[in-house]
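Observations on the model geometry
Each chain, letter by letter, is given below.
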Amino acid sequence: MTRTALFPRTGRGTALCGVLLLITAEGLAVALAPHPLRLFLSGTLIGASTAGLLLALLLATSRRRAGAAAGARPFRDDAQWFSARSLDGFPMEQVRPLLLAPGAPGLSRLYTAWVFATHGHDPQWIARHLDLPVRTARLLVTAARRHTGAAPTR
């Protein structure tokens, strides 16, 4: 069983801390500036903040669109994903030692990972979404590529 951190360190959290620090620094700069420069400094900081916000929004939406386009796979109906032949080529002899180990994943989870592997998902994606060791997912993906005749990627 894997434990998740109560407050995981993510890029979003780091960015939020950076923005809060920047806002504090801007407020201090305006407060400590001589009176004649405060209006000019406030306008400059508001303009720079607006430009930074627009740039961040553009980057976030372009990254989201690029990620959606790269990760999009054409889904077919369930009958093609889970047919009577879905488990053809499953590497049972290679997986058997993993099933006998303590804390081993269930056979149904390995079957699900096999179906995802035969439909082109990479080992990191399978390991993350099915809570499997990357080594196990890599074994299934390699066997699936040999079975389907797909060229290995990276």
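Keep in mind that this is a model prediction, so the values were computed, not measured.

1. A short note on the overall build of the protein chain
Broken down by element type, the protein chain carries seven helices and zero strands. In the protein chain, the order of α-helices and β-strands from amino to carboxyl end is α-α-α-α-α-α-α. The buried share of the protein chain, taken over its 154 residues, is 19%. When contacts within the protein chain are restricted to residue pairs at least 6 apart in sequence, those whose partners lie at least 24 apart make up 46%. Carbon and sulfur atoms provide 66% of the accessible area of the protein chain, an area that totals close to 11800 Å².

2. Describing the side chain of E26
Position of E26 relative to the elements: it lies in helix 1 (residues 11-32). When sequence neighbours within four positions are dropped, the list of residues in contact with E26 reads L45 and S49.

3. Here we look at the nonpolar core
Formed by 16 residues in total, the largest nonpolar core has its most connected members in I126 and L140. Looking at this core, the elements that each hand over two or more residues are helix 5 (107-118), helix 6 (123-130) and helix 7 (134-148). Contact partners of L140, with chain neighbours within four places excluded, come to F90, P91, V95, L110, A113, W114 and A117.

4. Observations concerning helix 5
Helix length check: helix 5 (twelve residues) gives 16 Å between terminal C-alpha atoms against 16 Å at 1.5 Å per residue, within 8%. Those residues of helix 5 not exposed but buried are L110, A113, W114, V115, F116 and A117. Two residues or fewer after helix 5 comes G120, characterised by a positive phi angle close to 95°.

5. Brief notes about the packing of helix 5 against helix 6
The relative placement of two packed helices is expressed as an angle between their axes plus a distance between the axes. Between helix 5 and helix 6, whose axes approach to 10 Å, the crossing angle comes to 145°. Handedness of the crossing formed by helix 5 with helix 6: right-handed. In this structure, helix 5 uses R109, T112, A113, F116 and A117 to contact helix 6, whose residues at the interface are W125, I126 and L130.

6. Looking at unusual backbone geometry
The bulk of non-glycine residues show a negative phi, and the bulk of peptide bonds are trans. For D131, which is not a glycine, the phi torsion comes out positive at approximately 55°. Within the element layout of this structure, D131 appears in the loop between helix 6 and helix 7. D131 gets classed as partly exposed once you look at its relative accessible area, which sits at 46%.

7. Re the packing of aromatic side chains
What the rule picks out here adds up to three aromatic pairs. Seen from their ring centres, F90 and Y111 are 4.9 Å apart, and the 75° between their planes marks the pair as edge-to-face. With F90 in the loop between helix 3 (78-81) and helix 4 (92-100) and Y111 in helix 5, this residue pair connects regions lying 21 residues apart in the sequence. For F90, a relative accessible area of 14% puts it in the buried group. On the basis of relative accessible area, Y111 is assigned to the partly exposed category, the value being 27%. Where F90 meets W114, the ring centres are 5.7 Å apart and the plane angle is 85°; that geometry is what we call edge-to-face. Placement of the pair is F90 in the loop between helix 3 and helix 4 and W114 in helix 5, with a sequence separation of 24 residues. No difference in accessibility class separates F90 from W114, as the two residues are buried.

Quick notes on the rules
Residues numbered from 1 in each chain as written. Predicted model: local features only at pLDDT ≥ 70, side-chain atom pairs only at ≥ 80, totals over all residues. Heavy atoms only, no water. Helix = DSSP H or I, 4+ residues; strand = E, 2+ residues; numbered from the N terminus. Buried < 20%, exposed > 50% of the residue type's maximum accessible area, 1.4 Å probe, protein only. Contact = heavy atoms within 4.5 Å. Areas by Shrake-Rupley, 256 points an atom, 1.4 Å probe, with all protein chains shown as cover. Core = buried A, V, L, I, M, F, W, Y, C linked by side-chain atoms within 4.5 Å. Expected span 1.5 Å × (residues − 1). Axes fitted to C-alpha atoms, helices over the stretch in contact; angles between N-to-C directions. Left-handed = near helix turned anticlockwise from the far one by under 90°. Phe/Tyr/Trp six-rings, centres within 6.5 Å; stacked < 30°, edge-to-face > 60°.

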